[in-house]
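Summary of the model geometry
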Amino acid sequence: MRKIFSALFLVSLAFVFFSCTSTKETEVDPNFLGDYEPIQLENAMGWVTLFDKEKPKEIELYFVPRTNRVEMYFRDLQNRVCVILTPEHRQMMTDAALQFLSEQEAGNLPDRKANSKNFYSQSVATVGWGVTGISRITKKSKLQFNYEYFRDKRPYFLLKALPAPDQDEPDVFSPTIEIFFSPAQLEALYEILRQDALQALVDELNAKAYAY
């Protein structure tokens, strides 16, 4: 379940968070919800492919009140990767997920193969990666929401981040990130990432901070 980082834990992960989110800004982010440290949310469950084999994967989720962003972390082969979802990304993902779930439940999903021109929606996102932690960043990864026939040839919702150049070394590219969610896993993820659920966390902190 969710928990607020202890001071010691924050120190050990400070490099990861601040390199991936760049929260030091001269102006207040318009999405600012509260001056609080990142909050660890409940882990989500999804699927990835590893050497052409399907593998369940726990995804660590962190909510950053200062920017209203959610960071998704997991280890992909040798890399620890991070995908940052802005409020706009989350709304886009929600719209795509609702369409997918509706079509899947009605049994009228178009029988098509996901590719670079075939998706529900697409945006540009920040992705971080590195062997021991997040040491490289790109802000130009194309983020796609789609579906693909996956385990037992059943339709799974697909979050995909395409390779993009590192902001400091243009010859180095981020890895391709693909996370598959079953309809049940997708609904569980939505419950965690709902904006009203995230706002409730901030409201709880405000109540504690301003209690007198």
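Analysis parameters
- Residues numbered from 1 in each chain as written.
- Predicted model: local features only at pLDDT ≥ 70, side-chain atom pairs only at ≥ 80, totals over all residues.
- Heavy atoms only, no water.
- Helix = DSSP H or I, 4+ residues; strand = E, 2+ residues; numbered from the N terminus.
- Buried < 20%, exposed > 50% of the residue type's maximum accessible area, 1.4 Å probe, protein only.
- Contact = heavy atoms within 4.5 Å.
- Pairing = 2+ DSSP bridges.
- pLDDT = per-residue confidence, 0-100.
- Salt bridge = Lys/Arg side-chain N within 4 Å of Asp/Glu carboxyl O.
- Core = buried A, V, L, I, M, F, W, Y, C linked by side-chain atoms within 4.5 Å.
- Phe/Tyr/Trp six-rings, centres within 6.5 Å; stacked < 30°, edge-to-face > 60°.
- Polar contact = N/O pair within 3.5 Å; in protein donor to acceptor, adjacent residues only side chain to side chain.

**A short note on the overall build of the protein chain**
Secondary structure assignment for the protein chain yields 4 helices and 10 strands. Along the chain direction, N to C, the helices and strands of the protein chain fall in the order β-α-β-β-β-β-β-α-β-β-β-β-α-α. Buried residues in the protein chain amount to 48% of all 212 residues. Look at the contacts in the protein chain between residues 6 or more apart in sequence, and 58% of them connect residues 24 or more apart.

**With respect to the pairing of strand β10 (residues 177–181)**
With 4 of 5 residues buried, β10 lies mostly within the body of the structure. Pairing between strand β9 (residues 155–161) and β10: 5 bridges, direction antiparallel. Counted as the bridge partner of Leu159 is Ile179 from β10.

**Some thoughts on the confidence of the model for the protein chain**
On average, residues of the protein chain score 87 in pLDDT, and 84% of them are at 70 or above. Of the regions scoring below 50 in pLDDT, residues 1–19 engages in 30 contacts with residues more than four places distant in sequence or in other chains.

**Comments concerning the pattern of salt bridges**
Per the counting criterion, the structure on display carries 11 salt bridges. The residue Glu178 makes a salt bridge to Lys160 at a minimum N-O spacing of 3.2 Å. With Glu178 in strand β10 and Lys160 in strand β9, the pair connects residues that are 18 residues apart, well separated along the chain. For Glu178, a relative accessible area of 24% gives the class partly exposed. Connected through salt bridges with shared partners, the residues Asp35, Glu37 and Arg66 form a single ionic network.

**Some remarks on the nonpolar core**
In globular proteins that are soluble, nonpolar side chains generally tend to be buried together. In this structure, Leu61, Phe157, Phe181 and Leu193 are the most contacted members of the largest nonpolar core, which totals 41 residues. The leading source of residues in this core is helix α2 (residues 87–106), at 5 residues. Filtering out sequence-adjacent residues up to four positions away, Leu61 remains in contact with Ile39, Gln40, Leu41, Glu42, Asn43, Ala44, Val70, Glu71, Met72, Leu189, Ile192 and Leu193. Core analysis: the next-biggest nonpolar cluster, separate from the first, contains 6 residues, Tyr62, Tyr73, Cys82 and Ile137 among them.

**Remarks on the packing of aromatic side chains**
Aromatic rings in a pair are described by how distant their centres are and how their planes are angled relative to each other. Applying the stated criterion to the full structure yields 8 aromatic pairs. On the basis of an interplanar angle of 20° and a centroid distance of 6.3 Å, the ring pair of Phe145 and Phe157 is categorised as stacked. Of the two residues, Phe145 is situated in strand β8 (residues 136–149) and Phe157 in strand β9; the sequence distance between them amounts to 12 residues. Relative accessible area serves as the criterion here: at 0%, Phe145 is assigned to the buried category.

**Side note on the side chain of Thr138**
Among the secondary structure elements, Thr138 is positioned in strand β8. On the basis of relative accessible area, Thr138 is assigned to the buried category, the value being 1%. For Thr138, the side chain forms a polar contact with the main-chain oxygen of Pro165, separated by 2.8 Å. Leaving out residues up to four positions away in the same chain, Thr138 has contacts with Ala125, Thr126, Val127, Trp129, Ala164, Pro165, Asp166, Gln167 and Ser174.

**What about the environment of Ile179?**
Inspection of the secondary structure assignment puts Ile179 in strand β10. On a C-alpha basis, the gap between Ile179 and Trp47 in space is 5.7 Å, while along the polypeptide they are 132 residues apart.

**Focus: the pairing of strand β5 (residues 69–76)**
Within β5, 6 of the 8 residues are buried, which leaves it mostly tucked inside the rest of the structure. Pairing of strand β4 (residues 53–64) with β5, which is carried by 5 bridges, proceeds in the antiparallel orientation. Within the sheet, the bridge partner assigned to Glu60 lies in β5 and is Tyr73. Linkage of β4 to β5, two consecutive antiparallel strands, is achieved through a turn of 4 residues, within which Asn68 is found at a positive phi near 60°. Pairing between β5 and strand β6 (residues 79–85): 7 bridges, direction antiparallel. Of the residues in β6, the one forming a bridge with Glu71 is Ile84.

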